[in-house]
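Residues per chain, in single letters:
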Amino acid sequence: MNEDFKSLVVYQIYPRSYCDSNGDGIGDINGIRSKLHHLVDLGIDVIWLSPVYASPNDDNGYDISDYVSINPEYGTMEDMELLIKEAASLNIRIIMDLVMNHTSNQHEWFKKSIEGIEPYTDYYIWKDGNGSKLPNNWTSFFSGPAWEFNETRGQYFLHLFSKKMPDLNFANQLVVDEFKAITKFWLDKGIFGFRCDVVNLISKTSFNNGKFDISCVGKEHFVTQTGCHLILQELQRDVFEHYNAFIVGETVLTTTSMAKDLCEKEKELDMIFSFEHMETDQVNNKWFKTKFKSEKFFNTLTKWQEGINWNANYLENHDQPRAISRFANDNTYHYYSATMLNTLLFTLRGTPYLYQGEEIGMTNCAFKDMSEIRDNESIDIYALATKLKFPKQMRWKLITKTSRDNARTPMQWDNSHNAGFSENIPWLKVNPNYEDINVEDDKLKRNSVYEYTKSLINLRKTNNILIDGTFTRLKTVPHVFGYTRTYNGATFIILLNFSASTYKLKIAYSDIVLSNYHKKTFTKLDAYEAIIFRK
Ligand code: TEU
Ligand code: CA
C-alpha cells in the first residue's frame, strides 16, 4: 500500500446513470464533465469510472469489445481526454475499470479464436466435452453452468459470468502482454490507475470438477491462485510501478488471509474490495435476501478491520442494492439512516468509496415487474427460477430486493422531469422518490445528507486520526456499533445506532466532533444516530 494514497476519498460513477448531456436517455462522458463541480464541492479526490469502453452492453460495459476505444453511447476518445484533463485541473484523478477475466463475445480476439485464427486460438479457455457431458461441473456467477458449446469451433468455452462474456486464458503469455499494452495505453493518457474487475479469478489452476458449494462450484480451482499473484506482480513490475498507479482489486470470495497475500506481501494490489459484509443479509451475496442481522454485520466489519492493514471500504456500488434500504431505514428515518451509514463509511480504517447517490441517501427502487428490469444478472436468475418452476411471486421476490438495478437508477439531481438526469426517457426508470430525494433540494434542508457527508469528508481531510488511527471495537448494546480510532495519543469514539430504539449510554468524552442530530450535549443515543466524540 502506497502511503500517499491513504488520505484519498474515492467516488464511483456508473456512467450510464450519472448525467445525460445529449438527451438520448443514456448518461455519458460529457454529462460527467458537466458535474465535476459537484465532486469538487463534496471533496472528492478520485473518480472510479465504471467501464466506458466499446461494448455491446450485455453487462453494461463489463463485456468489453475493444479496450482502447470509447463506447459511442458515452462519447468519443476526445471527450474522455477532456474529462481526464479537466478533472486533473481540479485535482481529481481518474481510475478506470479494467476487466481482465473476460471479454465480450464480440471482441475481435474471440471471433478469431472461434475460427482458430492465430495467434488467437488459445486466447480463451476451450475444452472438449467430457463424453456427452460438459467439461466439468463449474457454475457461473450469473447462475447455471459455466460452459457453453460453440458449433463453429466444436468445443466448449468457459464463462464464469454471462454466456456472452468468455473467460480469457491467462496461462497464455500473449494475453498477459495484451493487458500490459492496454494498461500502458490508458496510463499514458494520464489516468491514475485501475479498479480491476474480479481480478482474483484470472488464473485457473486446473479444470477438475469442483466441490459442491452454494455460492459457486469450482472455486478452489480459480479463486486467488498462485498464477494470479504472479500475473499481478508482472503487471506491477512491467507497467504499474512505472506510473505509481493506484490499483484496487475487486476480489470475490476472498478471506482476510487471501487479502494479505494480495496486498501485504509482494507488490500486487494497493487494496481490495471484499464481499463478506455484503453477505450478511443475502445468501451468496445475491439470490436470497435474508433478514439483516446487525451483529453479524458488525462482527464481519470488525474481522476485516482487525484482520488486514488497510481496507477498501464500501457499502454500495453498481452491483449491490442501496445500503440504506438493506441495513437501515429508507423511510421515516431516511436522513438519520443515510448520515449514520455515511459516518460508518468515512470513519472505518481504509479508503472510503462513495457510490453515486449515496451522498443524498438514494434508495432501492420499487420496480413494478420484470419489464422494468435491465440487469442481465437479474434476467438470468429469473429465467433459471422460471425453469425450476418457482411460483411467479417467489421469482419476483428473488429479483426485487436484490437486483443490481436498484443501484443503477438515474442519479437524482433535482426535482424536475426525470430528476434532471435526462431530457428524454432514461434507459432505466427513475426512482419515483426523486421529488423528495435529490441533490438540489437536499442541500437546502436543515437535515441535509449532502452537507453532513461533506462535513465527514472534511473531518477526514483535516484530521489524520481517521486516516492513520488504529481501530478498536467497543462493547455496546445490541444494534449499536461502537469503536474508537486512535492516533498519536488522540482518540475518536464513534457510536452508530442501527435501530429506531433509543439507548442510554454512559460515555466519557470531552467534546462532540460530529453529530447527525446536531447535538451539543449527549444524554442518550437516538434512532439511527451517528455521533463522533473526542475522548
Ligand atoms: O462483479 C463481480 C461479481 O462477483 C458479481 O457477480 C457480483 O458478485 C454480483 O454482481 C453481485 O450480484 C463484477 C462487476 O462489478 C459486475 O458489474 C460484473 O457484472 C461482473 O464483475 C462481471 O464483469
Ligand atoms: Ca447521452
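Residues numbered from 1 in each chain as written. Chains lettered and ligands numbered in written order. Predicted model: local features only at pLDDT ≥ 70, side-chain atom pairs only at ≥ 80, totals over all residues. Heavy atoms only, no water.

S.K.: Talk me through the overall build of the chain; I want residue IDs and the actual numbers.
M.R.: When its secondary structure is counted, the chain shows 16 helices and 20 strands. Here the chain has a C-alpha radius of gyration of 23 Å; the compact-globule value for 535 residues is 24 Å, and the two agree. The principal-axis extents of the C-alpha atoms in the chain amount to approximately 75 × 50 × 50 Å. Here the chain holds 535 residues, and the buried ones make up 62% of them. Look at the contacts in the chain between residues 6 or more apart in sequence, and 66% of them connect residues 24 or more apart. Put simply, the chain shows about 20,500 Å² of open surface, and 50% of that area lies on carbon and sulfur atoms. (Helix = DSSP H or I, 4+ residues; strand = E, 2+ residues; numbered from the N terminus. Rg over C-alpha atoms; globule rule 2.2 N^0.38 Å. Buried < 20%, exposed > 50% of the residue type's maximum accessible area, 1.4 Å probe, protein only. Contact = heavy atoms within 4.5 Å. Areas by Shrake-Rupley, 256 points an atom, 1.4 Å probe, with all protein chains shown as cover.)

S.K.: Give a detailed account of empty space enclosed by the protein, specifying residues and quantitative values.
M.R.: Evaluation of the coordinates by the stated rule reveals 2 cavities of 30 Å³ or more. There is about 130 Å³ of room inside the largest cavity. Lining of the largest cavity is provided by 13 residues; of these, His277, Leu301, Asn311, Ala312 and Asn313 occupy positions nearest its centre. Listing elements by their share of the lining of the largest cavity, those giving two or more residues are helix H8 (294-307) and strand S14 (311-313). Per-element tally for the lining of the largest cavity: the top contributor is H8, with 4 residues. The residue makeup of the lining of the largest cavity, split by class, is 7 nonpolar, 6 polar and no charged. Quantified by volume, the second largest cavity comes out at close to 70 Å³. Lining the second largest cavity, in full, are Leu315, Glu316, Ala323, Ile324, Ala338, Leu341, Asn342, Glu358, Gly361 and Met362. Counting only elements with at least two residues in the lining of the second largest cavity, the list comes to helix H9 (323-327) and helix H10 (334-347). (1 Å grid on protein atoms, 1.4 Å probe; cavity = no way out; pocket = protein on both sides within 12 Å on 5 of 7 lines; lining within 4 Å. Points joined across faces, edges and corners; volume = space filled by probe spheres on them. Nonpolar A, V, L, I, M, F, W, Y, C, P; charged D, E, K, R; others polar.)

S.K.: I'd love a proper account of the coordination of the calcium ion (ligand 2), names of residues and values included.
M.R.: Within the protein, the calcium ion (ligand 2) binds to Asp20 (OD), Asn22 (OD1), Asp24 (OD), Ile26 (O) and Asp28 (OD); these donor distances fall in the range 2.3 Å. Summarised as a motif, the one-chain spacing of the donors to the calcium ion (ligand 2) is D-x1-N-x1-D-x1-I-x1-D. In this structure aspartate 28 comes out as buried when scored by relative accessible area, which is 3%. (Donors = N, O, S within 2.8 Å, 3.2 Å for Na, K, Ca; no water.)

S.K.: Explain the environment of glutamine 155 residue by residue, including any values.
M.R.: Note on placement: glutamine 155 falls in strand S8 (residues 155-158). For glutamine 155, a relative accessible area of 15% gives the class buried. C-alpha separation for the pair glutamine 155 and aspartate 28, spaced 127 residues apart in sequence, amounts to 38 Å. Discounting residues that sit within four places of it in the chain, glutamine 155 has contacts with Trp126, Lys127, Asp128, Glu148, Phe149 and Asn150. Of note is the side chain of glutamine 155, whose polar atom sits 3.1 Å from the side chain of aspartate 128. (Polar contact = N/O pair within 3.5 Å; in protein donor to acceptor, adjacent residues only side chain to side chain.)

S.K.: Quick one: what's the story with the pairing of strand S2 (residues 46-49), residue by residue and with numbers?
M.R.: On S2, burial covers both faces: Val46 and Trp48 on one face and Ile47 and Leu49 on the other are all buried. Relative to S2, strand S1 (residues 10-13) runs parallel, the two being bridged by 4 bridges. Residue pairing in the sheet places valine 10 in a bridge with valine 46 of S2. Bridge count for S2 against strand S5 (residues 93-99) is 4 bridges, and the pairing is parallel. Looking at the pairing, leucine 49 lines up with methionine 96 of S5. (Pairing = 2+ DSSP bridges.)

S.K.: Could you give me a rundown of the layout of surface pockets, with the residues and numbers involved?
M.R.: The volume enclosed by the second largest pocket comes to roughly 410 Å³. Along the walls of the second largest pocket sit 19 residues, with Phe142, Ser143, Gly144, Lys163 and Asp380 positioned nearest its centre. Per-element accounting of the lining of the second largest pocket gives the leading share, 6 residues, to helix H11 (residues 376-387). The class makeup of the residues in the lining of the second largest pocket is 7 nonpolar, 6 polar and 6 charged.

S.K.: Run through the sheet that holds strand S6 (residues 126-127), naming residues and quoting values.
M.R.: Strand order in the open sheet formed by 3 strands is S6-S8-S7, and the pairing between neighbours is antiparallel. One side of each edge strand has no neighbouring strand; the edge strands of this open sheet are S6 and strand S7 (147-150). Across 4 bridges, S7 lies against S8 in antiparallel orientation. From the neighbouring strand, phenylalanine 149 faces S8, where its bridge partner is tyrosine 156.

S.K.: Give a description of the sheet that holds S1 that names residues and reports values.
M.R.: Strand pairing in a sheet is mediated by backbone hydrogen bonds. Such pairs are either parallel or antiparallel. An order of S11-S10-S9-S5-S2-S1-S15-S14 is seen for the 8 strands of this open sheet, with the pairing classed as parallel. In the strand order of this sheet, the two ends are held by strand S11 (271-273) and S14, each with one partner. Here the strands of the sheet are splayed against their neighbours by 25° on average, with no regard to which way each runs. Where S5 and strand S9 (residues 193-197) come together, 5 bridges link them in parallel fashion. Looking across to S9, one finds that leucine 98 is bridged to cysteine 196. (Axes fitted to C-alpha atoms, helices over the stretch in contact; angles between N-to-C directions.)

S.K.: For the packing of aromatic side chains, give the residues involved together with the corresponding values.
M.R.: Counted according to the given criterion, the structure contains 45 aromatic pairs. Between tyrosine 18 and tryptophan 413, the ring centres sit 5.0 Å apart and the planes meet at 75°, which makes this aromatic pair edge-to-face. With a gap of 395 residues between them, tyrosine 18 in the loop between S1 and helix H1 (29-33) and tryptophan 413 in the loop between helix H13 (405-408) and helix H14 (439-444) connect regions that are remote in the sequence. Judged by centre distance (6.5 Å) and plane angle (50°), the rings of phenylalanine 471 and phenylalanine 481 are tilted. On the criterion of sequence distance, the pair formed by phenylalanine 471 in strand S16 (residues 470-473) and phenylalanine 481 in strand S17 (residues 480-487) is long-range, its members being 10 residues apart. When sorted by exposure, phenylalanine 471 lands in the same class as phenylalanine 481, which is buried. Following the ring pairs from residue to residue traces out a cluster consisting of Tyr53, Tyr67, Trp109, Tyr120, Tyr123, Phe170, Phe179, Phe185 and Trp186. Sitting over the ring of tryptophan 413, lysine 35 keeps its end group 4.0 Å from the ring centre. (Phe/Tyr/Trp six-rings, centres within 6.5 Å; stacked < 30°, edge-to-face > 60°. Lys NZ or Arg CZ within 6 Å of the ring centre and 35° of its normal.)

Remember that the coordinates give geometry; whether it matters functionally is a separate question.
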